[in-house]
Amino acid sequence: MATNDCWHCVQRSTLEDDSPLSVDNNGPENGSLSIVVLGASGDLAKKKTFPALFNLYKQVRYLVKDKDASREQLEAVSKFLHLIKYVSGAYDSESDFRLLDKEISKHESLTKTAEGSSRRLFYLALPPSVYPSVSKMIKTSCMNKSDLGGWTRIVVEKPFGKDLESAEQLSTQIGGLFEEPQIYRIDHYLGKELVQNMLVLRFANRMFLPLWNRDNIANVQIVFKEDFGTDGRGGYFDQYGIIRDIIQNHLLQIFCLVAMEKPVSVRPEHIRDEKVKVLESVLPIKDDDIVLGQYEGYRDDPTVPDNSNTPTFASVILRVHNERWEGVPFILKAGKALDSRKADIRIQFKDVPGQKQGRNEFVIRLQPSEAMYMKLTVKQPGLEMSTVQSELDLSYRQRYQGVAIPEAYERLILDTIRGDQQHFVRRDELKASWEIFTPLLHKIDKGEFKSIPYKQGSRGPAEADKMLEKAGYVQTHGYIWIPPTL
Ligand SMILES: NC(=O)C1=CN([C@@H]2O[C@H](COP(=O)(O)OP(=O)(O)OC[C@H]3O[C@@H](n4cnc5c(N)ncnc54)[C@H](OP(=O)(O)O)[C@@H]3O)[C@@H](O)[C@H]2O)C=CC1
Ligand SMILES: O=C1O[C@H](COP(=O)(O)O)[C@@H](O)[C@H](O)[C@H]1O
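Residues numbered from 1 in each chain as written. Chains lettered and ligands numbered in written order. Predicted model: local features only at pLDDT ≥ 70, side-chain atom pairs only at ≥ 80, totals over all residues.

## Comments concerning the domain arrangement of the protein
Move 1: For the protein, the assigned domains are domain 1 (33-157) and domain 2 (190-404 + 426-471).
Move 2: Measuring from the centre of the C-alpha atoms in domain 1 to the corresponding centre in domain 2 gives 34 Å. (Domains from an automatic or database assignment.)

## With respect to the UniProt feature "domain: Glucose-6-phosphate dehydrogenase C-terminal" (unreviewed entry) in the protein
Move 1: Within this numbering scheme, the UniProt entry marks residues 199-473 as carrying the feature "domain: Glucose-6-phosphate dehydrogenase C-terminal" (unreviewed entry).
Move 2: Between the C-alpha atoms that bound residues 199-473 there is a distance of 25 Å. The span itself is 32% helix and 24% strand. (UniProt positions renumbered as here; feature names shortened; annotations may be inferred. Helix = DSSP H or I, 4+ residues; strand = E, 2+ residues; numbered from the N terminus.)

## Describing the site of ligand 2
Move 1: His188, Glu226, Asp245 and Ala343 make up every residue found near ligand 2.
Move 2: Considering only residue class, the shell around ligand 2 consists of 1 nonpolar, 1 polar and 2 charged. (Near = placed C-beta within 6 Å. Nonpolar A, V, L, I, M, F, W, Y, C, P; charged D, E, K, R; others polar.)

## Some remarks on the site of ligand 1
Move 1: In the region of ligand 1, 16 residues are neighbours, and Ala371, Tyr373, Ser395, Asp465 and Trp481 sit closest.
Move 2: Sorting the residues of the shell around ligand 1 by element identifies strand E7 (217-225), strand E13 (371-379) and strand E14 (387-395) as the ones contributing at least two each.
Move 3: Per element, the largest residue contribution to the shell around ligand 1 is 3 residues, and it comes from E14.
Move 4: For the shell around ligand 1, the residue count by class is 6 nonpolar, 5 polar and 5 charged.

## Concerning the sheet that holds strand E4 (residues 119-124)
Move 1: Strand order in the open sheet formed by 4 strands is E3-E4-E5-E6, and the pairing between neighbours is parallel. Sheet topology places strand E3 (33-38) and strand E6 (183-185) at the edges, where each strand pairs with a single neighbour. On average, adjacent strands in this sheet sit at an angle of 15 degrees to one another, irrespective of strand direction. (Pairing = 2+ DSSP bridges. Axes fitted to C-alpha atoms, helices over the stretch in contact; angles between N-to-C directions.)

## What to know about the sheet that holds strand E15 (residues 452-454)
Move 1: In spatial order, the strands read E14-E13-E12-E11-E7-E10-E9-E8-E15; together these 9 strands make up an open sheet with mixed pairing. The strands lining the two open edges of the sheet, one partner per strand, are E14 and E15. Strand-to-strand, the axes of this sheet are offset by a mean angle of 20 degrees, without reference to chain direction.
Move 2: Pairing analysis gives 4 bridges linking strand E8 (residues 290-295) to strand E9 (residues 313-319), with the strands arranged antiparallel. Its bridge partner being in E9, Leu292 is matched across the sheet by Ala314.

## Points about the pairing of strand E5 (residues 151-156)
Move 1: Most of E5 is tucked away: 5 of the 6 residues are buried.
Move 2: Sheet topology note: the E4/E5 ladder contains 6 bridges and is parallel. The residue of E5 that forms the bridge with Arg120 is Thr152.
Move 3: Chirality of the crossover, the property in question, places the unit of E4, helix H4 (residues 131-141) and E5 among those that are right-handed.
Move 4: In the sheet, E5 pairs with E6 via 3 bridges, with the strands oriented parallel. Note on E6: the bridge partner recorded for Ile154 is Ile183.
Move 5: In this region the chain leaves E5, passes through helix H5 (residues 164-175) and returns to the parallel neighbour E6; the handedness of that crossover is right-handed. (Buried ≥ 20, exposed ≤ 12 C-beta atoms within 10 Å, placed from the backbone. Right-handed = clockwise from strand over helix to strand, strands pointing away.)

See below:
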């Protein structure tokens, strides 16, 4: 979707015909582009930021799509590495940031960029505790010098605060230094293919429009599961827990896209206005609508306190007080060290009177293997007149053979360069999301909710399934999926 004023979808420009390194929504830009990764030696930079930058570079310069085109790949790696300059320094040292500015300026003059037309993107792959000092240093020493079409933008990662108060404090500090259009709060789930597909699916298909409401939908589940534990990140994780790590951000963003009203247009501000509205319609979470868990063995990590109550699993029911969704539970569930790795959205429709075979479900699987399938009842093929559960299936790997689905970070970094904030979290959106979870998080922090132990490799505490059943979810039995063959 592009940022045009009316509500229709236009094809996003491809890398071949529209280099992201020279174009954004406001027209062509020619100044040199410097991407500064602060925290370059950290885990995030290594696992996500640099691979994404490399893939973008490769696509622009080489148009390489086949990851195994080894000769071109090697050539691209070597050229990419030559573009990188390492500058070491302290996050609170003005002189070090002046040195950084000098290095950037050196590159800009080499590329004959007129002062003021340079583009500077600062990616803070850092712990949030240093965001304020780093932002201040960037503002003091490293900004694009004047306004000749260039810009300075910063990208900040979650966790953005620990609760409403700390998030607002952080927002105020950064907001005092940068304007909102310069701040890109990244939530990488917003860069996933099927998350980006949500609004198209909902609003460009006639068949969904009349069904997407309390009259037809019984419940919605948004589920994230990982089949590994905190794996050496226990020290960090224990400070946050699964709600802050996954639910308050990734799953809540997906919730917004499933539950929000149709925006006036696809302009980022209109989309984000609707997200804020639906977040503000969420009722306070009731104690009965929460199950917390902690996998056995979590506390064996030497960096985790022996008496930790931090949840590694949580299932939380959100209830939306508006005309569309009154009475429909949205179950947001996330857990580590479970039976499988997946993220999906499961929309379960209400019963058809007299029909006992099983409910219709529409499942959007974000990962692994992107797919959408609609579980429905059909006549069993053959002479007899009996019914069976089957599916309409759109499996991306099969349907879009040869199409490489970009990594979430690739898309989102490209958006920051293009100046498109549609898939980034606005300040008031962040505030509204913390408002939903802060009372619950404070109760957990005070030890008022206990995490129920569960076995590694299980589906989490059995209490979560009981809560789901109580909320009205009806599991389909006897549904057998037969993977199609080509
Ligand atoms: N295109 C494709 O690739 C398609 C694949 N399939 C595959 O077919 C299989 C069945 O599909 P589907 O029925 O949608 O998914 P599942 O059978 O995996 O899960 C259905 C629902 O039942 C829950 N559940 C699973 N086990 C239990 C249990 N013991 N007690 C209570 N609840 C339980 C799941 O919870 P939870 O989410 O926590 O696991 C989920 O909410 C899956 O493996 C799916 O991937 C089906 C259609 C198309
Ligand atoms: O933000 C986070 O996400 C990852 C999962 O990301 P995915 O794209 O691999 O699904 C999770 O492992 C991590 O705990 C969390 O901080």
